[in-house]
There are 2 protein chains.
Amino acid sequence: MDVVHAEDTRTRLLNTALRLFTEHGVEGTSLQMIADALGVTKAAVYYHFKTKAEITESVAEPVLLELEGIVDDARAQRTRGAQIDHLLDGFVDLVVRHRSLVALFSSDPGIARAIEKSVHSSASFKNRLLEILVGPDPDLTAIVTAQVLLAGIAVAGGSPEVASLDDETLRETLLTVGRKLYNRPRRRAT
Amino acid sequence: MDVVHAEDTRTRLLNTALRLFTEHGVEGTSLQMIADALGVTKAAVYYHFKTKAEITESVAEPVLLELEGIVDDARAQRTRGAQIDHLLDGFVDLVVRHRSLVALFSSDPGIARAIEKSVHSSASFKNRLLEILVGPDPDLTAIVTAQVLLAGIAVAGGSPEVASLDDETLRETLLTVGRKLYNRPRRRAT
């Protein structure tokens, strides 16, 4: 198997796995089902991934890497207001662009566990993300507000009720709600 | 098996099932595991429930019935503000008192599907609940705000980060966040 072909198969495999995860849940999807949907043998799947957990991690990884980039960029902003704006904009945009994956993240314990174990979801990364939202000296309300924001936007953004909205409309609406929770002006300054 | 004994077993069975669902997920819990944990035969479990779906529905049912009562009481309030206050108070209180069950509701596709199929989660019930939050002539922002509120409070209320808080503290904090999304005064008028 040459390298280019192997890369193609890996990408196709991850796309197929994501589709089957969305339809049947992670627990309800077997390596055999992934092989069948791709029209390859189970051995061909094993060539790329030894376990289903490796597949869920690989499906989630690019989105988690993107989120890390957003958090780093947000921390580099000079004012706390600008940090929150940057994180809100980036997080909402990420949720909107990866709606089906985010819906899976927030509803499936299999993929949620895979994310928990991922390096990108280490305690230090979570703390860096939350620090931006809660500020340097957080009270309990600030901590719970951050959790309502992140969970609410992720779940609402991936819900079937908004599936018919185009990305731009959903993005603007989620941002309006998020900015309200954080007393931010409705439009981004940049 | 006399009726009183059968009632006791049913209650124990549902409590045990909820505990196993919380530990292993719905998909990861078998009828055999429930029987083993109770120290009874699988036939004894079958006497009460023919399928795991019947168990998940029975676990969820009392909470859904309670939510129906809250929605009906909220609709009976005379002003829109009082309706929203009543629903916020009742929903937050329900989430706090049933934290582990709500965490399961909002994270497990098995139990989420069971709730979807339940009569208490019919389209008309969902519409009645949402109508209170979005008002008679809702725009898109109102609809998405309601989803962020419900999902955010349910997920944040069941999250491990707040598990150490006592009910009263968690209730007050979730209410503060919810009231902010709806521009409601911080304290209930009653």
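This is a predicted model, so every value here is computed, not measured.

Calculation notes
- Residues numbered from 1 in each chain as written.
- Chains lettered and ligands numbered in written order.
- Predicted model: local features only at pLDDT ≥ 70, side-chain atom pairs only at ≥ 80, totals over all residues.
- Heavy atoms only, no water.
- Helix = DSSP H or I, 4+ residues; strand = E, 2+ residues; numbered from the N terminus.
- Buried < 20%, exposed > 50% of the residue type's maximum accessible area, 1.4 Å probe, protein only.
- Contact = heavy atoms within 4.5 Å.
- Areas by Shrake-Rupley, 256 points an atom, 1.4 Å probe, with all protein chains shown as cover.
- Buried area = accessible area lost by both parts, 1.4 Å probe.
- Salt bridge = Lys/Arg side-chain N within 4 Å of Asp/Glu carboxyl O.
- Polar contact = N/O pair within 3.5 Å; in protein donor to acceptor, adjacent residues only side chain to side chain.
- Core = buried A, V, L, I, M, F, W, Y, C linked by side-chain atoms within 4.5 Å.
- Least-squares fit on C-alpha atoms with pLDDT ≥ 70 in both.
- Axes fitted to C-alpha atoms, helices over the stretch in contact; angles between N-to-C directions.
- Parallel < 35°, antiparallel > 145°, perpendicular 65-115°, else oblique.
- Left-handed = near helix turned anticlockwise from the far one by under 90°.
- Nonpolar A, V, L, I, M, F, W, Y, C, P; charged D, E, K, R; others polar.
- Expected span 1.5 Å × (residues − 1).
- UniProt positions renumbered as here; feature names shortened; annotations may be inferred.

A.B. asks: I'd like a rundown of the overall build of chain A, residues and numbers included.
C.D. replies: When you go through chain A residue by residue, the secondary structure sums to 10 helices and 0 strands. For chain A, the α and β elements follow one another from N to C terminus as α-α-α-α-α-α-α-α-α-α. For chain A, buried positions account for 48% of its 190 residues. Long-range pairs, those at least 24 residues apart, make up 67% of the contacts in chain A with a sequence separation of at least 6. Looking at chain A as shown, the accessible area adds up to about 9,300 Å², and 54% of this sits on carbon and sulfur atoms.

A.B. asks: Can you tell me about the interface of chain A and chain B, naming the residues and giving the values?
C.D. replies: The partner chain B presents 28 residues to the 28 residues of chain A that form the contact. Taking both sides of the interface into account, the surface hidden between chain A and chain B amounts to around 2,500 Å²; carbon and sulfur atoms contribute 73%. The tally of links from chain A across to chain B stands at 0 salt bridges. Put simply, chain A and chain B have 4 residue pairs in polar contact (both at pLDDT 80 or more) between them.

A.B. asks: Give me the lowdown on the nonpolar core, citing residues and values where you can.
C.D. replies: Grouped together as the largest cluster of nonpolar side chains are 111 residues, with contacts concentrated most on I55 and L174 of chain A together with I55 and L174 of chain B. Non-local contacts of I55 of chain A, meaning those with residues more than four positions away in its chain, are made with L13, L14, A17, F21, L31, I34 and F49 of chain A.

A.B. asks: Before we move on, can you summarise the relation of the copies chain A and chain B with the specific residues and values?
C.D. replies: Between chain A and chain B, which share one sequence, the superposing operator has a rotation angle of 180 degrees and an axial displacement of 0.0 Å; the RMSD is 0.0 Å. Such a combination of turn and shift is consistent with a two-fold rotation axis. Closest to the rotation axis within chain A is the C-alpha of G152 of chain A, separated from it by 1.9 Å.

A.B. asks: Account for the environment of L67 of chain A, with residues named and values stated.
C.D. replies: Looking at the element boundaries, L67 of chain A is found in helix α4 (residues 52–75). With residues up to four places along the chain from it excluded, the contact list for L67 of chain A reads F91, L94, F125 and L129 of chain A.

A.B. asks: Report on the packing of helix α5 (residues 80–97) of chain A against helix α10 (residues 167–181) of chain A, specifying residues and quantitative values.
C.D. replies: Residues and elements named next belong to chain A. Viewed as axis vectors pointing N to C, α5 and α10 meet at an angle of 140 degrees, and their least axial separation amounts to 9 Å. It follows from the interaxial angle that α5 and α10 lie oblique. With respect to the hand of their crossing, α5 and α10 are arranged in right-handed fashion. Contacts from L88, D89, V92, D93, V96 and R97 of α5 reach α10 at D167, L170, R171, L174, L175, G178 and R179. Split by residue class, the contact of α5 with α10 holds 6 nonpolar, 1 polar and 6 charged.

A.B. asks: Before we move on, could you go through the environment of K52 of chain B and cite the residues and values that matter?
C.D. replies: Residue and element names in this part refer to chain B. By secondary structure assignment, the location of K52 is in helix α4 (residues 52–75). The class for K52 is partly exposed, based on a relative accessible area of 25%. Those residues in contact with K52 that sit more than four places away from it in its chain are F21, V26, E27, T29 and L31. Within the structure, K52 has its side chain in polar contact with the backbone oxygen of T29 (distance 2.8 Å).

A.B. asks: Kindly report on α5 of chain A, identifying the contributing residues and their values.
C.D. replies: The end-to-end C-alpha distance of α5 of chain A, which contains 18 residues, comes to 26 Å, matching closely the 26 Å that a straight helix rising 1.5 Å per residue would cover. With 13 of 18 residues buried, α5 of chain A is to be regarded as a mostly interior element.

A.B. asks: Help me get a handle on the environment of Q83 of chain B, residues and values and all.
C.D. replies: Residue and element names in this part refer to chain B. The residue Q83 is located in helix α5 (residues 80–97) in this model. Sequence-wise, Q83 and G135 are 52 residues apart; in three dimensions their C-alpha atoms are separated by 10.0 Å. Excluding anything up to four places from it in sequence, Q83 contacts A74, R75, Q77 and I132.

A.B. asks: Account for the UniProt feature "DNA-binding region" (unreviewed entry) in chain A, naming residues and giving values.
C.D. replies: The sites that carry the UniProt feature "DNA-binding region" (unreviewed entry) are, in the present numbering, residues 30–49 of chain A. In residues 30–49 of chain A, the share of helix is 75% and the share of strand is 0%. The end C-alpha atoms are 12 Å apart.

A.B. asks: Requested: an account of the pattern of salt bridges, with residues and values cited.
C.D. replies: Following the criterion strictly, the structure yields 20 salt bridges over all chains and no others. Residue R97 of chain A is joined to E66 of chain A by a salt bridge in which the shortest nitrogen-to-oxygen separation is 2.5 Å. Here E66 of chain A lies in helix α4 and R97 of chain A lies in helix α5, a separation of 31 residues in the sequence. Of the residues examined, E66 of chain A reaches a relative accessible area of 29% and is grouped as partly exposed. For the salt bridge of D72 of chain B with R128 of chain B, the shortest nitrogen-to-oxygen distance reads 2.8 Å. In this pair, D72 of chain B is assigned in helix α4 and R128 of chain B in helix α8 (residues 123–134), connecting sequence segments 56 residues apart.

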